[in-house]
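Analysis of the macromolecular model
Each chain, written out:
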Amino acid sequence: MVEDKAIAKLERLLPAGRISTHEVDRVTYSYDATGEKYMPAAVVFPETEGEVTEILAVASEFKIPVIPRGAGTGLSGGSVPVKAGLVVSTERMTQILDIDEEELLAVVEPGVVTGELHRAVEARGLFYPPDPASLDFCTIGGNIAENAGGLRAVKYGVTRDYVRALRFALPEGEVFSAGVRTVKGVVGYDLVTIMVGSEGTLGFITQATLKLLPKPETKITIAAYFASYVSAAKAVAGIIARKILPATLEFIDRQCLMCVKEATGMEFPEDAMALLLIEDDGFEEVVKRSASAIKEALASENALHIQEAGDAAAAEKLWKARRVISPSLAYIAPHKMNEDVTVPRKKLPELIAAVEGIASRYNVRCASFGHAGDGNIHVNFLYDKRNNDEVQRVKEAVKALMEVVVQLGGTISGEHGIGLAKKDYIGIEIGPEGIEIMKRIKNAFDPHGIMNPGKIFPDTLVG
Ligand SMILES: Cc1cc2nc3c(=O)[nH]c(=O)nc-3n(C[C@H](O)[C@H](O)[C@H](O)COP(=O)(O)OP(=O)(O)OC[C@H]3O[C@@H](n4cnc5c(N)ncnc54)[C@H](O)[C@@H]3O)c2cc1C
């Protein structure tokens, strides 16, 4: 088989221990956080950019798929080897190469875990804002490839806003360096922006130069409980309409609160249907003013209870609750379709009402939470794969949700990417013309179609 020949050649070229065809490894790297599972022919563990280019050159020679992989925390099936081939893991490319305190930059290898970068720069009084809830596991390479958002995106933006320059290997094995270390730079096409969010389908990111900020002096955390989902959504829109932009503005519905209670033992008020978790940061005086304006806005939207975390430990307890939501949904049902739809913030009340309507129309179980301050809600339709009827109803509910979101002027994916999970719906948002032009870009980077094939583009068009 052609894959065996490619693997044999790589075994000759790479240092010992870099490639595994062992079944345990192939199973371990066959799935991501979606649970979708396809076996790769082999898993490769390069340690240097030179090794990445060798792997890509061999894959190109034998025309076999290359699937870049960070930590596999992706929620759209991006690192799943749907057409077999080589899963190329960045877990041995984990060096923070430089933290430049004068230029406010960090230079890192792609396998650096996001939370480790946070700790390293914060120890020097600096700050890297993108903070996906998976930050203790996910990698900078995966964040860049998905253009990951996170809890602080409402004030600080997403990964794209912090990538100054990238080195990446193209499928035929050449290395390209794009972007600048300077604050400005407009020479030619912006290849950094094309690579950010490209989901491993254009090239393999081998190094990133990231923008840093000064670390905020202090922060506050506020929890506000509401009697209905819609009133919580109105409060979000109300806060933004009052020209307050907190660092974080998260929505959690009652189903999610119950799962967190089950997972952590934390108690929540009996009458709470929804929780807003809000954080702001900055200079002490500014944060105090912001906190009182936020509390005023919450009260005017009829919050049932408003609590400010008394100290760092109390705040961390609340944020820990937020981070365990996604895995704790397994208490309701074994499987979930996790959508990360995003609408203009003023349309949030309409989105939340529409989700309730869709769940009841299709008789599906649903739990929602997410980055409400960005208009980005993670709508989870919960089901059991063994129940065919329920699976069908969930699929119909997902399509109905996508259509509503686009009608509301939103997008079908705010931060998780298209990957496998949403490729059948991409046409609803960008139409056949959008797909066609993106395919042309893909062909220019990857003429043989070996980079992460089977992702982003639909097999057939929906919508
Ligand atoms: C509990 C939980 C909470 C989450 N919370 C958030 C959140 O708040 N915000 C958010 O945006 N996401 C969130 N996610 C999703 C996920 O963590 C992000 O998409 C993350 O960026 C994926 O990083 P990873 O290292 O796990 O990448 P993987 O899942 O391994 O890969 C993701 C994609 O990146 C590509 N890729 C990886 N490395 C490279 C590279 N070096 N070069 C080119 N392509 C590469 C892969 O091919 C794949 O397409 C969450 C996931 C979980 C499980």
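Residues numbered from 1 in each chain as written. Predicted model: local features only at pLDDT ≥ 70, side-chain atom pairs only at ≥ 80, totals over all residues. Heavy atoms only, no water.

The next thing to look at is the domain arrangement of the protein chain. Assigned domains within the protein chain: domain 1 (2–89), domain 2 (96–214), domain 3 (218–324) and domain 4 (332–463). If you look at the interface, domain 2 gives eight residues, while domain 3 gives eleven residues. Of the roughly 840 Å² buried between domain 2 and domain 3, counting both surfaces, carbon and sulfur atoms make up 55%. It is Leu151, Val154 and Lys155 in domain 2 that bury the most area against domain 3; as a group they hold 64% of the surface buried on that side. One can count two salt bridges joining domain 2 with domain 3. Between Lys155 and Asp280 there is a salt bridge; the shortest N-O distance is 2.9 Å. The interface formed by domain 2 and domain 3 contains four residue pairs in polar contact (both at pLDDT 80 or more). For the side of domain 2 that touches domain 3, the leading source of residues is helix α6 (residues 153–156), giving four residues. Residues of the side of domain 2 that touches domain 3, tallied by class, amount to six nonpolar, no polar and two charged. (Domains from an automatic or database assignment. Contact = heavy atoms within 4.5 Å. Buried area = accessible area lost by both parts, 1.4 Å probe. Salt bridge = Lys/Arg side-chain N within 4 Å of Asp/Glu carboxyl O. Polar contact = N/O pair within 3.5 Å; in protein donor to acceptor, adjacent residues only side chain to side chain. Helix = DSSP H or I, 4+ residues; strand = E, 2+ residues; numbered from the N terminus. Nonpolar A, V, L, I, M, F, W, Y, C, P; charged D, E, K, R; others polar.)

In terms of residue burial, strand β13 (residues 248–253) counts as a mostly covered element, since six of its six residues are buried. In terms of strand pairing, β13 meets strand β14 (residues 274–282) through six bridges, oriented antiparallel. The partner of Thr248 across the bridge, within β14, is Glu279. Alignment of β13 against strand β17 (residues 365–371), held across two bridges, turns out to be antiparallel. Residue Phe251 lies in a different strand from β17, and its bridge partner there is Gly370. (Buried < 20%, exposed > 50% of the residue type's maximum accessible area, 1.4 Å probe, protein only. Pairing = 2+ DSSP bridges.)

Attention now goes to the sheet that holds β14. Backbone-to-backbone hydrogen bonds join strands into a sheet, with any given pair of strands oriented parallel or antiparallel. If you trace the seven strands from one edge of the open sheet to the other, you get β15-β12-β14-β13-β17-β18-β16, paired in antiparallel fashion. Strand pairing shows two members of the sheet lacking a second neighbour, β15 (305–308) and β16 (335–342), which therefore form its edges. In this sheet, adjacent strand axes meet at a mean angle of 15° when their direction is disregarded. Judged from the seven bridges that link them, β17 and strand β18 (residues 376–383) form a sheet pairing that is antiparallel. Of the residues in β18, the one forming a bridge with Ala367 is Asn380. Helix α13 (residues 348–361) contacts β13, β16, β17 and β18 of the sheet and is inclined by roughly 5° relative to β18. (Axes fitted to C-alpha atoms, helices over the stretch in contact; angles between N-to-C directions.)

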